[in-house]
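Remarks on the overall topology
Now for the letters of each chain:
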Amino acid sequence: MIRCYHSLHLNSSLLSTIIKSTVSNKSSFSHCTSVHQFRPSGQDRNVQYLGVFQHSKFAPAIFVSQKRPLSRDSLLEFQTSIFNSISFSTPVHYAQEVLVAVHNLTGLEWGPTIVLSAFLLRLFLTLPVTVYQHYILAKFENVVTKKFPEILEELKRETATATRMFKWDNDRANYNYAKSARTQYKKIIQEENCHPLKASLLVWIQMPLWICSSFAVRNLLLMRPEKTLETMQIYADISTEKFLWLDDLLACDHSFVLPATLGIFNLAIIEMQILYRDEKLTGAKRYTTNVFRAIALLLVPIAANVPSILSLYWASSAFYGFTQNLILWSPNFRKFCGIPFTKKTKLLPYRHMVDTLIKRYYKLEGGK
């Protein structure tokens, strides 16, 4: 059904003439996707008309705009262009050179090379940044829980004195107190050099590193950036070598060991952080945690459908991340790295996590 929002004032005789003319010509009704404007007949021969007005000289001209639907081929072309731009980027090229250099220097096969490269990249690039993140967060926590409350108490006394001296009302006193508190907060954060945004540096290094390394492994399988004797030799070596239970590094891991390992370690990292903090997740923290859990689970079917050498890199990186978190919670290691102790620092972190896990288990059993 086509709705027309313009009224046409035609008398009955004219309307009957138009209908008879249309029926006698046995014309079919044309379909129109959108109406742009109306023009009198005869101004443009390349116009289409609707309904009974198709062959009438009184017919309103309707211009048809054909929109090309979003096809599957266009989506594939877009995905290919994005992947190619990343594959031929400079960071991916450097990551690929690191993989080749580790393989040539150690003389290992490509399976152990991928595992060793994952450990080395995380060790030299993400470990220092992770230590710095813990250092900044610890200093910020000490400022918020120790120094800043003392400043607030002093501000309260000063505000009370100023209220009596200048006869402020409650609104004026609260406004000046909040303004002074914000000023002192910015000042002490600047003096201690512990702005919490600095702790987000790890995300901007770890995620690009993981993406670039994954595309570097992909380039080895596609003989990129160009087919040379070296790239073809690398592809031939990968296609013929074996590693542990993997008979073909180019095929998927049909045993599902690597995808399961990837999911287990990624989820373990998330859950261990929750157990260490021993806090009830509410609001944004709960939402963010669930998002990371969903990503960890989503990577499992993806890892099951990519070449096993790529899922081997992902599983190795996840295992390193799991081990790194355990080491960073050690009080001795934190003291060695100069990370300040806070009220939330656990002297026996591993026992604390086990006790918290057991406590939650019995709590769930009691709830049933």
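Cut-offs applied
Residues numbered from 1 in each chain as written. Predicted model: local features only at pLDDT ≥ 70, side-chain atom pairs only at ≥ 80, totals over all residues. Heavy atoms only, no water. Core = buried A, V, L, I, M, F, W, Y, C linked by side-chain atoms within 4.5 Å. Buried < 20%, exposed > 50% of the residue type's maximum accessible area, 1.4 Å probe, protein only. Helix = DSSP H or I, 4+ residues; strand = E, 2+ residues; numbered from the N terminus. Contact = heavy atoms within 4.5 Å. Expected span 1.5 Å × (residues − 1). Arc of directions from axis to C-beta. UniProt positions renumbered as here; feature names shortened; annotations may be inferred. Salt bridge = Lys/Arg side-chain N within 4 Å of Asp/Glu carboxyl O. Axes fitted to C-alpha atoms, helices over the stretch in contact; angles between N-to-C directions. Parallel < 35°, antiparallel > 145°, perpendicular 65-115°, else oblique. Left-handed = near helix turned anticlockwise from the far one by under 90°. Nonpolar A, V, L, I, M, F, W, Y, C, P; charged D, E, K, R; others polar. Patch = residues over 30% accessible without salt bridge, like charges linked within 9 Å, V, L, I, M, F, W, Y side chains within 5 Å. Areas by Shrake-Rupley, 256 points an atom, 1.4 Å probe, with all protein chains shown as cover. Lys, Arg positive; Asp, Glu negative; His and termini not counted. Charge placed at Lys NZ, Arg CZ, Asp CG, Glu CD.

Glancing now at the nonpolar core. Counting 39 residues, the largest nonpolar core has Leu99, Trp110, Ile114, Leu220, Ile238, Ile309 and Trp314 as its most contacted members. Among the elements that take part in this core, helix 10 (residues 308-328) stands out by supplying eight residues, more than any other. Ignoring sequence-local partners within four residues, the contact set of Leu99 consists of Trp110, Thr113, Ile114, Ser117, Ala216, Val217 and Leu220. Within the second largest apolar cluster, nine residues are counted, among which are Phe148, Ile151, Ile188 and Ile189.

An α-helical turn contains 3.6 residues, so a residue and the one three or four places further along point in the same direction. The terminal C-alpha atoms of helix 3 (residues 90-106), which comprises 17 residues, lie 24 Å apart, in line with the 24 Å expected from a rise of 1.5 Å per residue. Taken residue by residue, helix 3 has Val92, Ala95, Gln96, Leu99, Val100, Val102 and His103 as its buried positions. Down the axis of helix 3, the buried set is contained in an arc of 155°. They therefore lie on one face. For helix 3, exposure combined with an orientation more than 90 degrees from the buried face picks out Tyr94, Asn104 and Leu105. At its buried positions, helix 3 is contacted by helix 2 (72-87), helix 4 (110-166), helix 6 (201-222) and helix 7 (229-240). Phi turns positive, to about 75°, at Gly107, one or two residues after helix 3.

Turning next to the UniProt feature "transmembrane region" (unreviewed entry) in the protein. Taken from the UniProt record, the annotation "transmembrane region" (unreviewed entry) applies to residues 296-315. Annotated as 80% helix and 0% strand, the span residues 296-315 places its first and last C-alpha atoms 12 Å apart.

Quick look at the pattern of salt bridges now. Scanning all chains against the criterion turns up three salt bridges. The salt bridge involving Glu271 is made with Arg293; its shortest N-O contact spans 2.8 Å. Taken together, the positions of Glu271 in helix 8 (residues 257-277) and Arg293 in helix 9 (residues 283-303) put the pair 22 residues apart, joining distant regions of the chain. A residue is classified by how much of its surface remains accessible, and Arg293, at 24% relative accessible area, is partly exposed.

Another point: helix 8. Between its first and last C-alpha, helix 8 extends 30 Å over 21 residues, near the 30 Å set by a 1.5 Å rise per residue. Taken as a whole, helix 8 has its buried residues at Leu258, Pro259, Leu262, Gly263, Phe265, Asn266, Ile269, Ile270, Met272, Ile274, Leu275 and Tyr276. Within two residues after helix 8, Asp278 carries a phi angle of roughly 55°, on the positive side.

So, on to the environment of Leu222. Turning to its location among the elements, Leu222 is positioned in helix 6. On the basis of relative accessibility, which here comes to 38%, the residue Leu222 falls in the partly exposed class. Residues Leu222 and Met232, 10 residues apart in the sequence, show an inter-C-alpha distance of 9.1 Å.

Running from amino to carboxyl end, helix 8 crosses helix 10 at an angle of 25°, the nearest separation of the two axes being 8 Å. By the criterion of interaxial angle, the relationship of helix 8 to helix 10 is roughly parallel. Crossing hand, helix 8 versus helix 10: left-handed. Seen from helix 8, the contacting residues are Leu258, Thr261, Leu262, Phe265, Asn266, Ala268, Ile269, Met272 and Gln273; seen from helix 10, they are Ser308, Ser311, Leu312, Trp314, Ala315, Ala318, Phe319, Gly321, Phe322, Asn325 and Leu326. In the contact of helix 8 with helix 10, the residues fall into 13 nonpolar, seven polar and no charged.

Bringing a positive patch on the surface into the picture now. The grouping of Lys280, Arg286, Lys359, Arg360 and Lys363 at the surface amounts to a positive patch. At three residues, the largest contribution of residues to the positive patch is made by helix 12 (residues 349-367). Take Lys359: it is sitting in helix 12.

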